[in-house]
Amino acid sequence: MPELPEVEVVRAGLAPAVTGARVAAVEVRDARALKRHLPTSGDDGLGGHGVTLSEAAAAARSADFERRTAGIRLGAPERRGKFLWIPTSGASADGSPLALLAHLGMSGQLLLRAHDAVDDRHVRIRMWIEHAQHGELRVDFADQRLFGSLALDALRAAPDGVGAVPAQAAHIARDPLDPAFDDARFIAALRSRATGVKKLLLDQTLISGVGNIYADEALWRARLHPDTRGSAIGPRKADELLAVLRAVFAQALREGGTSFDAQYVNVNGQAGYFAHSLHAYGRAGEPCARCGTPIRRVPFGGRSSHFCPRCQRKR
DNA sequence: CAGGTACCCTGGCCGC
DNA sequence: TGCGGCCAGGGTACCT
């Protein structure tokens, strides 16, 4: 469940059960779910993204993660954009605190289950935790497509000096629901670029948490064509776009996120119902809710854009 | 900085 | 019933 509202639903669901809990045991079933986990000994010679691990490197990575995660105590989960992490009692080699970092990718789930609950599909990593109030639970990381991952990562001071963030998420911009998000800075960046506005919204180094669904929805609500250049957007329209984005996120959060199928669920495996409130994504051929013109779907960087050709004219 | 492509994966669905 | 092709909510690397 990948965009900001879905990740936030997971963070909030995890919070009561994991905060203050101790990890009793860890089992890595598929080392491919540790793409972002780099062993302590530094480099195992086979980096992270886009690289297939040798059998030996996979075993080493799994063993390293299991050994270092078992026994640590968990803090309150935090989120930036689509990255989720739990500060822990562990320390990294340079002395910084360790965080348990999660990215759900396209199909990742974090599921809270009873100790003896039956297996969900595609469980790649399992952690048994003990909590003073909630007793013994399992946290299962399930991921069909394996674009998501868990990792232990060093928690460092955030680049803007406010709070701390895992090293691997340091390049990710704050998201628009973050109180420290800098509106003026984002709007200036947006309006200085010749790139299409949708591509800018999806750039996690400018603003985080926005993915294909919510980009299309926000642009529909703001009546902006996805290919409108950032530099063609006036200050008032830019303000409106940011406000609309926040409203979409807030509403999606209230409705438990967007679920098109069983892949996108909260920590209890339940789907959200914001999909019913979408006006553009997944509605190709259906009449625009404002003007009745059929919603169009066009190729966009290996995916699709959905928009109303009448309400969202390219300028 | 802008654009395009390729890749990491599994599985559901559609047409033949 | 089988099979190939296409599609999917993300992120990164590496070209031009």
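What you see as residue numbers is a count from 1 along each chain, following the sequence as written. By the order in which they are written, chains take letters starting at A while ligands take numbers starting at 1. Side-chain atom pairs in this predicted model are given and counted only at pLDDT of 80 or more, local residue features only at pLDDT of at least 70, and totals for whole chains, interfaces and linings cover all residues. With hydrogens and water stripped out, all remaining heavy atoms of the structure feed into the side-chain values.

The name given to chain A in an unreviewed UniProt entry is Formamidopyrimidine-DNA glycosylase, with Leucobacter chromiiresistens as the source organism. UniProt positions are given in the numbering used here, feature names are shortened, and annotations may be inferred rather than shown by experiment. What the UniProt record of chain A gives under Sequence similarities (unreviewed entry) is the line "Belongs to the FPG family." Per its UniProt entry, chain A bears the Subunit (unreviewed entry) comment "Monomer."

Draft legend 1. Structural detail: the protein's contact with DNA strand C. When at least one non-hydrogen atom of a residue lies within 4 Å of a molecule or strand, that residue is treated as near it. Of all residues adjacent to DNA strand C, which total 23 residues, the nearest are Lys82, His103, Thr258, Tyr264 and Arg303. Sugar and phosphate atoms constitute 51% of the interface atoms of DNA strand C, taking the interface as everything within 4 Å of the protein. Here Lys82 contributes a side-chain N or O atom positioned 2.8 Å from a phosphate oxygen of DNA strand C. Arg145 places a polar side-chain atom, nitrogen or oxygen, 3.3 Å from a base nitrogen of DNA strand C. For the surface near DNA strand C, the secondary structure elements donating two or more residues are helix H5 (212-221) and strand E11 (303-307). Taken together, the residues that form the surface near DNA strand C break down as 7 nonpolar, 9 polar and 7 charged. Definition of a polar contact: a pair of N or O atoms within 3.5 Å, with one able to donate and the other able to accept a hydrogen when the atoms are protein atoms, and with sequence-neighbouring residues admitted only if both atoms are side-chain atoms. The way it works is that DSSP assigns letters per residue, a run of H or I at least four long becomes a helix, a run of E at least two long becomes a strand, and they are numbered from the N terminus. When residues are sorted by character, Ala, Val, Leu, Ile, Met, Phe, Trp, Tyr, Cys and Pro go into the nonpolar class, Asp, Glu, Lys and Arg into the charged class, and all the rest, Gly among them, into the polar class.

Draft legend 2. Representation of the UniProt feature "domain: FPG-type" (unreviewed entry) in chain A within the structure. Under the local residue numbering, the UniProt record ascribes the feature "domain: FPG-type" (unreviewed entry) to residues 279-313. Strand forms 29% of residues 279-313 and helix 0%; the C-alpha atoms that close the span are 16 Å apart.

Draft legend 3. Highlighting the side chain of Arg124. You can see Arg124 is positioned in strand E6 (residues 123-131). For Arg124, a relative accessible area of 13% corresponds to the buried category. For Arg124, the side chain forms a polar contact with the main-chain oxygen of Asp143, separated by 2.8 Å. Here, residues are in contact when the closest pair of their heavy atoms is within 4.5 Å. The contacts of Arg124, once residues within four sequence positions are left out, are Glu27, Val28, Arg29, Asp30, Arg32, Ala33, Phe141, Ala142, Asp143, Gln144 and Leu146. Each residue's exposure class comes from its accessible area (1.4 Å probe, protein chains only) as a fraction of the maximum for that residue type: buried when under 20%, exposed when over 50%, partly exposed otherwise.

Draft legend 4. Seen up close, the UniProt feature "active site" (unreviewed entry) in chain A. With numbering matched to this structure, UniProt assigns "active site" (unreviewed entry) to Pro2, Glu3, Lys82 and Arg303. By secondary structure assignment, the location of Glu3 is in the segment before helix H1 (4-18). Residue Glu3 is classed as buried on the basis of its relative accessible area, which comes to 8%. Its location among the elements puts Lys82 in the loop between strand E2 (78-80) and strand E3 (83-91). For Lys82, a relative accessible area of 16% corresponds to the buried category. Discounting residues that sit within four places of it in the chain, Lys82 has contacts with Pro2, Glu3, Leu4, Val7, Ala102, His103, Gln204, Gly209, Val210 and Gly211.

Draft legend 5. Examining the sheet that holds E3 more closely. Read from one edge to the other, the open sheet built from 5 strands follows the order E2-E3-E4-E8-E9, with strand pairing classed as antiparallel. With partners counted over all chains shown, the strands left at the sheet margins are E2 and strand E9 (164-166), one partner each. Direction aside, neighbouring strands of the sheet carry axes that sit 40° apart on average. This element, helix H2 (residues 55-69), spans strand E4 (97-103) and strand E8 (149-157) of the sheet and lies at about 60° to E8. Two strands pair if DSSP finds at least two bridges between them. Note on definitions: angles span 0 to 180 degrees between N-to-C directions of axes, and those axes are lines fitted to C-alpha atoms, for helices only across the stretch in contact.

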